[in-house]
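Take a look at the letters that make up each chain.
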Amino acid sequence: MDSVISKSIVWTIAGSDSGGGAGIQADLATINDLGCHGCTVITALTVQNSVAVEQVEPVSVDLMLQQLNCLLKDLPPNAIKVGLLCNQAQINALANWLAIILTDYQTRHGVSIAVVVDPVMVASCGDALANGLDFSPLTGLITLFTPNSAELSVLMRKPLNTLSEVSLAATTLASTLGCNILAKGGDKGGLWHKDSAKDLYVCAEVDRVSARHQHRQFMLSSQRVDSRNNHGSGCSLSSAIAAAMAKGYVLHDAVVIAKAYVTAGIRDGYQLGDGPGPLARTGWPKSLEMFPSIASFDDGPSLQAASAFKKLDTSIGVYPVVSSIAVLESLLKAGAKTIQLRVKSVDDPLLEQKIQQAISLGETYQAQVFINDHWQLAITHGASGIHLGQEDLYHADLAVILQSGIALGVSSHGYFELLLAAQIKPSYIAVGHIFATTTKEMPSLPQGLDRLRHYAELLENHFPSVAIGGIDINNLAAVKATGVNNVAVVRAVSNALSPADAYRTLSQGWEAINVTE
């Protein structure tokens, strides 16, 4: 019996690069390297090598549509990347197809298919591939539009001489097309920055997990790699974004994953001909150094830190999160050395008293007591640590917390938030939710064990990692096998008949699990 392998499907609608460095060829190499299956809709044949583009021959609109319809019958996409569209007829036809056929498919099957459009208008060698095109027929049909600085100037029909002009142009384009914009400046020095590869990310519309970043602008900066082997970097970036979204990552996460992938690819790129060589295919990004830093490029605050927060006094292991002082005390008696008090209601008349009691009990049992959210009271009464969610990072005074010498733990729900957390150099980073949980309403789907493995690997040797969300004795071994350093538990302890016994069982079980490579 033939085995069935489940892989996300990514379509690339683009031109063929006879030199193999960009276009369909780069897209397929990227899509496959990131664990998806690539399907192709060819829009043009090009005559090119690493030095020059000598000819571009568009396929007919009819042939392009036949490819789309044929694939949809048998290999429907989880995400679509669009590259070179040679003429207005191709753009109009694709827009009509997306509006009618693909929209109907999404309605009938209840799935949302991300569409990433890379307007390939200028080749990396400087040759024009397509000019004078109007992308407005695609308005409202795409997720992300990724012009480089030269293409953005062409689209706006004017030179862009300052970053403020780039920002205004990207914002205008986002409004016009009804989508998010990634204005790429990584190939440019001078205006952008000679020592770093910067892209301006304009968030016009987002999913629930990133709602706090809606209508914001971020500058994504990576260390510039001193290499001319960057042929196909734009194609690889957009197809990597599509591949990550096909695997279920939200757009914010997909963008930073793709930027890390391209940075690593340029770092290990190689030269074949006389011109710039192609990117290396380095697999899923695993090094935190390859990921970009994230800075606000609007009136919103940026999350940065001048120095690191206090290191933990002891390793965590199993980390109970409780709302009851009585349960907290019973767990400390049972041997818990790190525990968190989470009192969500700011209207609780006994809030300050509970925080004082928790901190006092921690001192009695020589344990680290973290206070969730209420950082001012935690500082006032001398807590061991504070835990903040992403939504609280922008409101808390991180400088005051740092000056207090108190440890800081931060929640994250994916790559983008993990990077924001890492930038403030906290004492630990929590990632979740791993499994379905009813503890509170969550803005995202469960992360699962595969993603947790990626996050744990990324944080290794940088920050202690804590997995949270739906973790209990039944999945404890599988969680530890991902390489995560610690686990936070809520219902598995608080809802138990004997929270103390449940904690002992979990703690002993965690310590007994031997994880081998």
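Now for a quick tour of the structure. Note that this is a predicted model, so its numbers are computed, not measured. All chains use their own residue numbering, which begins from 1 and follows the written sequence. Whole-chain, interface and lining totals are the exception, using all residues; otherwise, since this is a predicted model, local features are given only for residues with pLDDT of at least 70 and side-chain atom pairs are given and counted only at 80 or more. To obtain the side-chain values, all non-hydrogen atoms of the structure were used and water was disregarded.

### Some remarks on the pattern of salt bridges
Operational definition: What makes a salt bridge here is a side-chain nitrogen of Lys or Arg within 4 Å of a carboxyl oxygen of Asp or Glu, nothing more. The helix and strand labels rest on DSSP assignments: H or I over at least four residues marks a helix, E over at least two residues marks a strand, and numbering proceeds from the N terminus. Relative accessibility under 20% of the residue-type maximum defines a buried residue, over 50% an exposed one, and the middle range a partly exposed one, all with a 1.4 Å probe and only protein chains included.
Enumeration according to the criterion identifies eleven salt bridges in this entry. Two residues, aspartate 373 and lysine 344, come together in a salt bridge whose shortest N-O distance is 2.7 Å. Pair noted here: aspartate 373 is in the loop between β13 (368-372) and α10 (375-380) and lysine 344 is in the loop between β12 (338-341) and α9 (351-364), with a separation of 29 residues, a long-range link. Taking relative accessible area as the criterion, aspartate 373 reaches 18% and is therefore assigned buried. In this structure lysine 344 comes out as partly exposed when scored by relative accessible area, which is 46%. Across the salt bridge formed by aspartate 501 and arginine 504, the nearest N and O atoms sit 2.9 Å from each other. Within this pair, aspartate 501 and its partner arginine 504 are both found in helix α17 (residues 499-512), separated by three residues, close to a single helical turn. For aspartate 501, a relative accessible area of 42% corresponds to the partly exposed category. For arginine 504, a relative accessible area of 34% corresponds to the partly exposed category.

### As for the environment of valine 250
Within the fold, valine 250 resides in the loop between α6 (233-246) and α7 (251-267). Counting along the chain gives 165 residues from valine 250 to tyrosine 415, while the straight-line C-alpha distance between them is 9.4 Å.

### Regarding the environment of glutamine 304
Here is the rule: The criterion used for residue contact is that any of the two residues' heavy atoms lie within 4.5 Å.
By secondary structure assignment, the location of glutamine 304 is in the loop between β10 (293-296) and β11 (318-322). Residue class for glutamine 304 comes out partly exposed when judged on its relative accessible area of 45%. Between the C-alpha atom of glutamine 304 and that of glutamate 329, which follows or precedes it by 25 residues, the distance is 36 Å. If we ignore the near neighbours within four places in the chain, the residues touching glutamine 304 are Ile294, Gln423 and Ile424.

### What to know about the sheet that holds strand β7 (residues 180-184)
Cut-off, in case you're wondering: When DSSP finds two or more bridges between two strands, those strands count as paired. All axes are obtained by fitting lines to C-alpha atoms, using only the stretch in contact for helices, and the reported angles, taken between N-to-C directions, cover 0 to 180 degrees.
The ten strands lie next to each other as β3-β2-β1-β4-β5-β6-β7-β8-β9-β10, forming an open sheet whose pairing is mixed. Strand pairing shows two members of the sheet lacking a second neighbour, β3 (53-58) and β10, which therefore form its edges. For strand β2 (residues 37-48) and β3, the ladder comprises five bridges, and the chain directions are antiparallel. Paired with threonine 46 across the two strands is valine 56, which belongs to β3. Docked against the sheet, helix α1 (residues 23-33) engages β1 (9-16), β2 and β4 (79-82), running at close to 160° with respect to β1. Here helix α5 (residues 163-177) sits on the sheet and contacts β6 (144-145), β7, β8 (196-203) and β9 (216-223); the angle it forms with β8, its principal contact strand, is near 40°.

### Some words on the pairing of β9
Taking burial as the measure, the eight residues of β9 include seven buried ones, the bulk of the element. Taken together, the eight bridges between β8 and β9 define a ladder with antiparallel strand orientation. Looking at the pairing, alanine 197 lines up with serine 222 of β9. Two strands pair when backbone bridges link them, and β9 and β10 are joined in this way by four bridges, in the antiparallel orientation. Bridge assignment links phenylalanine 218 to a residue of β10, and that residue is serine 296.

### Things to note about the pairing of strand β15 (residues 407-412)
Side-chain positions along a regular strand alternate between the two faces of the sheet. Applicable threshold: Looking down the strands as they point away from you, a crossover is right-handed if its path from the first strand over the helix to the second goes clockwise.
Counting buried residues along β15, six of its six residues qualify, which places the element largely inside the surrounding structure. Because side chains alternate across β15, one face comprises the buried residues Ala407, Gly409 and Ser411, and the other comprises Leu408, Val410 and Ser412, equally buried. In this sheet, strand β16 (residues 428-432) lies alongside β15 in parallel orientation, the contact comprising four bridges. Across the sheet, serine 411 pairs through a bridge with alanine 430, a residue of β16. Following the backbone out of β15, through helix α13 (residues 415-423) and into the adjacent parallel β16, one traces a crossover that is right-handed.

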